[in-house]
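One letter stands for each residue in the lines below.
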Amino acid sequence: MLEIIVLPLLTMVTCKETRAAIIALHKNGFTGKDIVATKIAPKSTIYRFIKNFKKRGSILVKKASGRPRKSSKRQDRLLKRTQLRDRSATSAELAQEWQQVGVSASARTVRRRLLEDGLVSRRAAKKPLLSKKKKIRDRLIFCRKYSEWTAEDWGKVIIFDEAPFQLFRASGKRLVRRRKGERYHQSCVMPTVKHPDTIHVWGCFSSKGVGSLTILPKNTAMNKEWYQNTLEQQLLPTTQQQFGEEQCIFQHDGAPCHKAKVITKWLGDQNVEILGPWPGNSPDLNPIENLWSMDKQRRVDKQKPTNSDKLQEVIMKEWVAISQDLAQKLIESMPSRIAEVLKKKGQHCKY
């Protein structure tokens with residue numbers, strides 16, 4: 001009879017179900033020794049369950065009281081509202097404010113309460129300031145103009161932009177793990193220089209891949225003459241290579257040399273259609289910014305070039321190594337970027 005009852009119970013795997021099975025056998029008149037023979041659980045576990053059942057008359061585990069919470073639900077909600085009003089307030093500052101309403105808690109307790117509400121401390125994202133209403137309005141005008149464009153439409157756009165690459169650039173990783181006495185060990189120190197060399201490059205890309213890359217000579221200002229020369233050497237060959245006779249659309253931002261009359265006339269003479277007007281302070285709308293960021297952080301910085309010549313060599317090498325698949329994914333993200341900016345009424349999107 002014991003085997004008939006126990007066989008279906010042997011498949012039970014959770015502690016709760018095992019406890020229920022043991023007590024069921026006990027209620028049916030089986031001894032502890034009989035239940036141990038089924039090997040449903042260790043001997044000590046079986047006798048403990050039976051003992052607790054006889055003592056309490058229930059198979060439920062008594063919930064441990066633990067240390068009482070120092071705050072009520074209402075006080076927890078107040079803490080959450082305080083943090084949301086000032087996102088940069090530290091846990092120590094919040095603990096002091098909490099104390100004013102009668103809650104004596106440590107900064108660690110504050111962090112635990114905020115974590116329960118999903119509020120986690122993270123480094124603030126850096127985005128250009130959109131203080132003027134005109135900047136937000138320009139972003140909305142642009143996004144509404146191109147809100148109906150599909151990924152296929154954006155596949156006809158070629159994006160042109162400039163980016164600085166700095167020697168000994170701080171990568172953003174400011175933390176190192178070290179032992180006592182290793183503070184100034186070579187592997188634990190981030191080298192810095194007062195006036196690091198900076199190389200300015202101009203590049204373009206589309207959904208078909210990256211185009212050519214031009215490095216601005218040292219101590220050379222990017223003016224309208226140089227920009228026109230760069231367009232002639234870079235833009236025209238790239239569009240011919242990637243699009244052939246197919247019509248494409250050119251995008252560049254509102255830098256002064258881009259808006260010069262001579263540049264506008266030259267683009268018109270070349271029958272180049274221009275996307276825009278491009279809104280200022282909008283790197284989140286420009287996928288080439290993501291390309292520059294990836295190239296700097298994941299490719300160039302990791303190789304740690306030690307002089308300008310090596311930096312230029314690495315930049316050129318890593319630029320041509322960018323895959324067409326990555327370029328296409330960035331271009332195809334444009335409809336999502338525009339939709340998010342419209343949803344946020346002109347504010348920054350996650351890109």
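Rules used in this analysis
Residues numbered from 1 in each chain as written. Predicted model: local features only at pLDDT ≥ 70, side-chain atom pairs only at ≥ 80, totals over all residues. Heavy atoms only, no water. Buried < 20%, exposed > 50% of the residue type's maximum accessible area, 1.4 Å probe, protein only. Helix = DSSP H or I, 4+ residues; strand = E, 2+ residues; numbered from the N terminus. Arc of directions from axis to C-beta. Contact = heavy atoms within 4.5 Å. Axes fitted to C-alpha atoms, helices over the stretch in contact; angles between N-to-C directions. Parallel < 35°, antiparallel > 145°, perpendicular 65-115°, else oblique. Nonpolar A, V, L, I, M, F, W, Y, C, P; charged D, E, K, R; others polar. Phe/Tyr/Trp six-rings, centres within 6.5 Å; stacked < 30°, edge-to-face > 60°. Lys NZ or Arg CZ within 6 Å of the ring centre and 35° of its normal.

The name an unreviewed UniProt entry gives the chain is Transposase, with Cyprinus carpio carpio as the organism.

**Student:** Explanation requested: helix α6 (residues 91-99) in the structure shown.
**Tutor:** Residues spaced three or four apart along an α-helix point in a common direction, a consequence of the helix completing one turn every 3.6 residues. Looking only at α6, the buried set comprises S91, L94, A95 and W98. Down the axis of α6, the sector holding all buried residues measures 105°, keeping them to one side. When the buried face of α6 is taken as reference, the exposed residues oriented beyond 90 degrees from it are Q96 and Q99. On its buried side, α6 packs onto α5 (73-85) and α7 (107-116).

**Student:** Please clarify how the environment of L342 should be interpreted in this entry.
**Tutor:** Mapped onto the secondary structure, L342 falls in helix α15 (residues 334-343). On a C-alpha basis, the gap between L342 and F142 in space is 9.9 Å, while along the polypeptide they are 200 residues apart. When near neighbours in sequence (up to four residues on either side) are disregarded, L342 contacts L140, C143, R144 and S147.

**Student:** Is there a simple way to think about the packing of helix α14 (residues 324-332) against α15 in this case?
**Tutor:** Working note: a packed helix pair is described by the angle between its axes plus the distance between those axes. In the contact formed by α14 and α15, the axes pass within 5 Å of each other and the chain directions differ by 30°. Accordingly, the angle class assigned to the pair α14 and α15 is roughly parallel. For the pair α14 and α15, the contacting residues are L330, I331 and E332 in the first and M334, P335 and R337 in the second. For the contact of α14 with α15, the class distribution of residues is four nonpolar, no polar and two charged.

**Student:** Honestly, the packing of aromatic side chains in this entry has me stumped. Any pointers?
**Tutor:** One pair of aromatic rings is described through two measures. These are the centre distance and the angle between the planes. Per the stated rule, a full pass over the model turns up 11 aromatic pairs. Relative to Y146, the ring of F142 has its centre 4.9 Å away and its plane inclined at 50°; by these criteria the two rings are tilted. Judged by relative accessible area, which is 1%, F142 ranks as buried. Its relative accessible area of 6% is what places Y146 among the buried residues. Centroid distance Y146 to W154: 5.8 Å. Interplanar angle 55°. Geometry classified as tilted. When sorted by exposure, Y146 lands in the same class as W154, which is buried. Through successive ring pairs, a cluster of aromatic residues spans F142, Y146, W149, W154 and W278. Sitting above the plane of the F49 ring, R19 keeps its charged end 5.1 Å from the centroid.

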